[in-house]
Each structure stands twice: as structure tokens, then as C-alpha cells.
Amino acid sequence: LGIVMNLVLIVLAAISSYLVYSLLMISFDTRMFEMGIFRLIGIRKYALCFLVLVQSLLFVLPALIVGIGTSFLYLWLVSNIFDSKLQFSFTPVPSGTAFIWAICVGLIVPLLASLIPMFNVLSKTLSESVDMEHSKSRGVHITVEFASDNTNWSLVVFGLVIIAFGLLVYYMLPLSILLMDFQLMLWILIIVLLALFIGLIMIAMNIQHLLELFIIYVLMFLETAYMKMVIAKNLIAHRIRNQRTGTTFSVVIGFLIFVIVAYTLELQNTKLSMLRLHGAYLEFYIKRNEGKMTFVDVINAEQALAKHKDIIEGYAWVPQDLKLHPHVKLREEWVADYAVLHNYRVTSEAVPPHYFDVANKDFLTVASKNKTSDLSLAEQLYTPRGSQALGVGSFLKRELGISATDPDSTFLLRFGRTTDTMAYETRALFVLNTCPSFQLSRLIKPWQHVLISYPLYFKLVNASSPSLVNFWSLIVKAKKDKTAYLDEIYSSLRTVADESKEDVSVWTYSDSADDIDSIHSFLDVIFYIIIILFMLLFVFSLISSMTANVLEQVKELAVLRAVGMTKGRAAVLYMYEAFVLVLSSSIIGAVIGIIVGFTLSLQRGLYTDLPVTFSVPWVHLLIIVGASLLCAAISSISPAILVLTRSVALLAKS
């Protein structure tokens with residue numbers, strides 16, 4: 001979530017730079033004649049560049065002062081929300097680092113935003129600047145390249161970016177894996193994901209015009225043919241400026257969808273991780289590696305469960321692992337091939353025959369198993385063949401080259417005791433990609449679990465009676481997993497835990513899920529605020545773009561008015577243009593955000609081995625699109641009214 005918020009800040013800074021850039025471009029487009037007069041009376045070009053920089057600072061400095069001032073109020077409100085919703089408080093005062101970052105961004109934004117306007121001022125000839133007779137609108141652009149111009153700087157920059165990306169993937173990614181630097185690895189993966197995002201944007205820029213034509217001629221079927229033609233011509237005439245605006249808006253929407261999917265997946269992963277760790281919706285347990293349940297705790301828990309036998313579908317006890325049992329005195333466990341060339345740390349865990357009937361089956365993924373038996377996986381451990389076999393993860397199967405379907409495929413289970421090392425020949429009974437409660441995985445892990453039966457466990461710990469076995473976990477499955485049933489069972493087990501002399505606890509999924517849902521609701525509020533901020537920035541950008549479009553076409557608008565177009569139809573013309581631009585950009589941005597979000601969900605499922613499900617954030621998407629269309633109406637009406645209040649004669653002379 002910290003990286004997601006950093007990305008939000010970066011994109012906000014980029015959109016702010018683009019907004020200042022748009023305002024500067026419009027200011028100098030409308031004052032081009034004034035700039036020409038300045039140059040006629042002897043003002044140098046560098047002085048005009050200084051004028052651009054000063055004007056950009058005048059846009060940013062008041063916002064910087066107001067922003068720092070309002071940050072205290074915003075932090076105070078957020079602090080109260082955190083305190084009331086999450087019982088977490090902090091001092092609502094920005095840190096010194098935050099002040100430094102705010103000032104740096106406040107100074108960098110005008111510098112970035114003024115680069116292209118400076119270039120625009122320097123590239124205009126004097127005759128172009130003072131020409132007031134010809135329209136500034138261009139439907140055709142011709143570029144002349146000279147043979148002497150051998151350096152294509154756009155290709156040079158693109159090549160440098162590709163080289164940096166190659167070094168990042170080919171060197172930095174393996175380095176982060178070798179150093180186990182997960183923060184660096186996560187940043188690299190985020191950069192790769194952003195590269196996918198940028199690639200989709202570049203493709204979208206080339207198909208946006210086709211989508212605009214589709215909207216004009218298919219969705220606007222009730223409009224007259226001549227109005228459709230004029231809208232299409234307007235979009236062609238303003239294509240360069242509209243493409244910048246549309247691309248920016250597509251980036252904003254796509255990024256918002258991506259960020260919303262990212263934090264939703266993060267919270268979903270947290271829920272699934274806890275549920276997989278505990279194995280079921282209710283667990284009665286003692287902290288692992290920190291103690292053991294007494295036999296009295298087991299009896300009391302059984303008596304508590306007996307009171308609710310009509311609502312309990314099943315329950316299963318899991319004993320303490322072998323290394324912690326006082327009779328065994330193990331230092332370590334391994335599985336290995338016969339040459340011990342491949343040797344991997346494991347922990348043996350005993351499961352009852354009905355364990356997988358009680359545990360959450362959403363986390364059980366079978367890679368291969370013995371197909372000659374109709375028994376369940378855990379029940380097969382209690383057969384003659386199962387008494388000499390283990391349940392293993394796909395990673396161990398792959399590394400040791402063993403098979404669950406071949407009875408002759410064997411390997412070694414090694415025990416390192418304080419005095420010597422023992423080895424047992426065994427085989428794989430079934431292979432799992434994922435497993436509830438236990439770490440049986442297809443991915444490389446520092447260690448993995450292997451599953452054994454109770455009789456084998458008793459044999460290894462030299463226990464003549466189950467009363468000599470220490471348990472550390474009890475998972476319970478209520479009928480239909482109803483929350484009300486789970487709450488009843490939880491109350492009884494909670495009483496047993498409170499009366500226990502050991503550090504016994506009870507976990508229920510509903511409590512953890514409620515806490516995460518509260519965090520989710522809080523983050524939704526924060527991102528609604530972020531959506532509003534992005535929309536406010538975009539509406540100003542769209543107003544500036546549409547104002548430039550209208551002012552650029554004043555003479556064409558005068559001709560349309562002269563041949564009979566009413567003021568209302570002229571206003572509708574520019575409203576349609578803004579509507580088509582915003583709708584096409586919204587569709588492209590939504591598709592890009594969904595594709596990148598879906599890719600992120602695939603990656604998260606791959607790395608976490610969790611059954612992550614991707615869902616489109618329809619509520620947020622509809623709010624964004626609705627706000628976008630409202631922005632289109634606002635941005636087109638105000639500049640059109642500003643121009644249409646003039647007479648046809650004044651428009652022709654403008």
C-alpha cells in the first residue's frame with residue numbers, strides 16, 4: 001500500500017505539471033500577437049522564456065502556500081477518522097521531510113510544465129506571431145526533414161529507456177532475488193507493470209481516433225448527418241491537442257482503476273492469507289513454538305464442542321510438530337534423494353483421516369495422487385501403503401524427481417538428532433500445489449511441511465498412548481459455515497481459553513474480516529477523495545483545452561454562424577466534441593486499467609499461492625465515468641458561451 005500511495009503522488013505531480021503546461025499553452029496561444037509585438041520592440045527570446053517561467057511559478061506558488069496550510073486541516077480530519085475507525089492515532093502535523101518534498105515538487109512542477117511552452121515561444125517565427133488574418137487551426141501538418149539532420153533524438157531517448165529497462169530486468173531483478181531484497185524486487189515488478197501500462201497507452205493513442213468515429217457515427221445515431229460531419233472535422237482539426245488531453249485522461253482513469261484494484265487485492269490477500277494460515281473459519285490454538293496444550297485443555301475443548309454437536313459438521317486436532325516434542329530431540333528434518341545431492345528442510349505434521357473434510361477446501365489444490373483408491377487424501381495415509389508414505393508439495397516432487405503414481409519411486413526422510421542422523425525410505429502418496437494450514441507449495445520456500453498419519457507420528461515420538469501427544473491446534477467446521485453457528489462455538493471455546501493456564505487463544509475469521517472490511521471502507525473514502533482531486537485537475541485541464549479549441553476556431557465559427565448555425569447548435573457542437581473526447585478516453589482508460597489490474601491479480605496469485613479473484617470495481621468505474629461526462633459538459637459550455645456572446649462580425653474580426 002505504501003508503494004501504491006507513492007505512485008499516486010507521482011501521478012498527481014505529473015497531472016499537475018500537465019495542468020500548468022496546458023494553462024501556459026493557452027495563455028501564450030491567446031497572446032501570440034502580444035509576444036510578436038514584444039519581439040518587434042527588441043525583447044530577446046530568453047526574456048520571453050523567463051516570462052514563461054515566472055508565469056508558471058505564479059500558477060504554482062499560491063497553490064503551494066494554500067496546500068501546505070490546508071494540509072493541517074486535512075491531517076486533523078484523517079487523524080480523527082483513523083482514531084475512530086481503526087483505533088490508531090498520530091500527530092496531525094506534517095513532518096519536515098513532507099515539507100521538503102512539498103517545496104521540491106512545487107518548484108519542479110513549474111520547471112517541467114514550462115519546457116514545451118518555452119520551446120513553442122522560441123520556435124515561432126516573427127511573421128507567424130503577428131499574423132492575425134489566418135486561422136490558427138490546422139487540419140494538415142507537414143514535416144520537412146533535411147538530410148543533414150542525422151540525429152533522431154526521439155529514437156535516442158527511446159533507445160536509452162530500453163537499455164535502462166533491460167539492465168533493470170536482466171541485472172537488478174536477479175540481484176534483488178539473490179540479496180532477498182523484497183522491497184527492491186517489488187519496485188522492479190511495479191516498474192515492469194508500469195511499462196505494460198505505458199505500452200497500452202501508446203497503442204491506445206493510435207486507435208483513439210477510430211473509437212471517436214465509432215462514437216460519432218454509431219452512438220450519436222439521432223443526430224443529423226451534417227452535425228456528425230462537423231464534429232468529426234473538429235476532432236481532426238484539434239487532434240494534436242485533443243490527443244494530449246485524451247491521453248492524459250486515459251492515463252488518469254487507467255491509473256485510478258489500477259490503484260483501486262491494487263489495494264483491493266492487497267486486502268483480499270490479507271484475508272486469504274489469514275484463512276489459509278488457520279485452515280478453517282474457527283481455530284482453537286496455542287502459539288506455535290511457544291508452548292503446548294495440556295491434556296486438560298483438550299478434554300475441556302472436547303466438552304465444549306459436545307455442547308454444540310448439532311451445529312458442528314466436524315473438527316480436527318493437529319499435534320505438535322516432531323521437533324518440539326520432548327521425546328524426540330530432533331535438530332532438523334530433511335527429505336533427500338539417495339545420494340543426498342538434493343536435501344531440503346521439512347517439518348512433519350500429522351493429520352487425522354477427516355482433516356481435509358474439515359479444513360477450507362478453497363486452499364487445497366491437488367497436483368497428483370494415487371488413483372487406485374477412492375479414499376480421500378488424508379484417509380489414504382491410514383492405509384498399508386499410506387503408513388510408508390508422505391503427502392508432499394509440488395516443489396519437492398519436482399526437485400527430487402518423485403512420483404505419486406509410481407510405487408517404486410522412493411526417497412529418504414532424514415532426521416537429525418542431537419547424537420546421530422536417521423533415515424527412512426518412503427514414497428509420495430499425494431502431491432499438493434497448495435494446502436490449508438500447512439506449507440505444501442509448488443514454489444521454492446525456506447522449508448516445507450510433509451503430512452503423515454497419527455500412527456506414524458506416534459511411532460516417531462515413541463508414544464504408547466494419545467494422552468502422551470501434545471496438541472497445538474483444533475480447527476472447527478460449522479454446518480454451512482454459518483456465522484451465527486461459529487459465534488456460538490467461539491463463545492464456548494473462548495471460555496475454555498480464558499480458564500486455561502497456557503497461552504491458548506481462539507481465532508475466528510469473522511472478526512479479522514470485519515477489521516479488514518473497516519480498513520477497506522476507510523480506504524474507499526480516501527480513494528473517493530483522490531478521485532475527486534483527479535477529476536478537479538482534469539476539469540481544469542479540459543476547460544483549458546476546450547477554450548484553446550474554441551479560440552483557435554473563432555473564424556470558422558463565424559462562418560458557421562453566418563451560414564445559419566444558431567448559438568445553441570454551436571454550443572452543442574463543442575459539447576459533443578468534449579463528450580466524444582471524454583467518452584473515448586474513458587473507455588480506453590477503463591480497458592487499460594482493467595487489463596493492468598487483471599495482470600496484477602495474476603502476479604499476486606502466482607507469488608502468494610492464494611486463490612485470488614479479480615473483480616472489476618464497477619462502482620468506482622461508474623463514478624469516474626459519470627464525473628468525466630459532467631466534466632465534459634462543464635468544460636465545453638463555459639468557453640462556448642464566452643465566444644458566442646459576440647456578434648458574427650466581431651467573431652470574424654477576432
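This is a predicted model, so every value here is computed, not measured. (Residues numbered from 1 in each chain as written. Predicted model: local features only at pLDDT ≥ 70, side-chain atom pairs only at ≥ 80, totals over all residues. Heavy atoms only, no water.)

(A) Structural context of the packing of helix H8 (residues 182-219) against helix H9 (residues 225-237). Viewed as axis vectors pointing N to C, H8 and H9 meet at an angle of 165 degrees, and their least axial separation amounts to 10 Å. Comparing their axes, H9 and H8 come out roughly antiparallel. Both H8 and H9 take part in a crossing whose hand is right-handed. Of the residues in H9, those in contact with His209, Glu212, Leu213, Ile216 and Tyr217 of H8 are Lys228, Met229, Ile231, Ala232, Leu235 and Ile236. Taken together, the residues of the contact of H8 with H9 break down into 8 nonpolar, 1 polar and 2 charged. (Axes fitted to C-alpha atoms, helices over the stretch in contact; angles between N-to-C directions. Helix = DSSP H or I, 4+ residues; strand = E, 2+ residues; numbered from the N terminus. Parallel < 35°, antiparallel > 145°, perpendicular 65-115°, else oblique. Left-handed = near helix turned anticlockwise from the far one by under 90°. Contact = heavy atoms within 4.5 Å. Nonpolar A, V, L, I, M, F, W, Y, C, P; charged D, E, K, R; others polar.)

(B) How the structure looks around the packing of aromatic side chains. Applying the stated criterion across every chain yields a total of 13 aromatic pairs. Each ring, one from Tyr355 and one from Phe438, has its centre 5.6 Å from the other, and the planes form 35 degrees; the classification is tilted. With a gap of 83 residues between them, Tyr355 in helix H12 (residues 355-358) and Phe438 in the loop between strand S8 (421-434) and strand S9 (448-452) connect regions that are remote in the sequence. Of the two residues, Tyr355 and Phe438, neither departs from the other in class, the shared state being buried. A ring pair is formed by Phe598 and Phe614, whose centres lie 5.7 Å apart and whose planes are at 75 degrees; its orientation type is edge-to-face. In this pair, Phe598 is assigned in helix H19 (residues 567-608) and Phe614 in the loop between H19 and helix H20 (618-644), connecting sequence segments 16 residues apart. A relative accessible area of 24% means that Phe614 is categorised as partly exposed. Counting every residue linked through ring pairs, the aromatic cluster contains Trp317, Tyr454, Tyr457, Phe458 and Phe471. (Phe/Tyr/Trp six-rings, centres within 6.5 Å; stacked < 30°, edge-to-face > 60°. Buried < 20%, exposed > 50% of the residue type's maximum accessible area, 1.4 Å probe, protein only.)

(C) The packing of H8 against helix H10 (residues 239-278), seen in detail. At their nearest, the axes of H8 and H10 sit 10 Å apart, and the two run at 140 degrees to each other. One finds that H8 runs oblique with respect to H10. The chirality of how H8 crosses H10 is right-handed. Judged by residue contacts, Leu193, Phe197, Ile201, Met205, Gln208 and His209 of H8 engage Arg239, Gln243, Gly246, Thr247, Ser250, Val251, Gly254, Phe255 and Phe258 from H10.

(D) Geometry of the pattern of salt bridges. Tallied over the entire structure, the rule returns 8 salt bridges. Ionic pairing is found between Arg569 and Glu223, a salt bridge with its closest N-O pair at 2.7 Å. A residue pair is termed long-range when its members are at least 10 positions apart, and Arg569 in helix H19 and Glu223 in the loop between H8 and H9 qualify at 346 residues. Here Glu266 makes a salt bridge to Arg604, at a shortest N to O gap of 3.4 Å. Taken as a pair, Glu266 in helix H10 and Arg604 in helix H19 lie far apart in primary sequence, 338 residues in all. (Salt bridge = Lys/Arg side-chain N within 4 Å of Asp/Glu carboxyl O.)

(E) Here's a closer look at helix H2 (residues 32-40). Of all the positions in H2, only Met32, Met35, Gly36 and Arg39 are classed as buried. For H2, the angular spread of the buried residues around the axis is 100 degrees, confining them to a single face. (Arc of directions from axis to C-beta.)

(F) Structural context of the pairing of strand S7 (residues 410-417). Across the 8 residues of S7, 7 count as buried, placing the element largely inside the fold. Across 6 bridges, strand S3 (residues 330-336) lies against S7 in antiparallel orientation. Across the sheet, the residue bridging to Glu332 is Gly416, located in S7. In terms of strand pairing, S7 meets S8 through 7 bridges, oriented antiparallel. Paired with Phe415 across the bridge in S8 is Met422. (Pairing = 2+ DSSP bridges.)

(G) Structural context of unusual backbone geometry. For Ser437, which is not glycine, the phi torsion reads 75 degrees and is therefore positive. Turning to its location among the elements, Ser437 is positioned in the loop between S8 and S9. Positioned with a positive phi, Asp609 is a non-glycine residue whose angle comes to about 60 degrees. In this fold, Asp609 is placed in the loop between H19 and H20.

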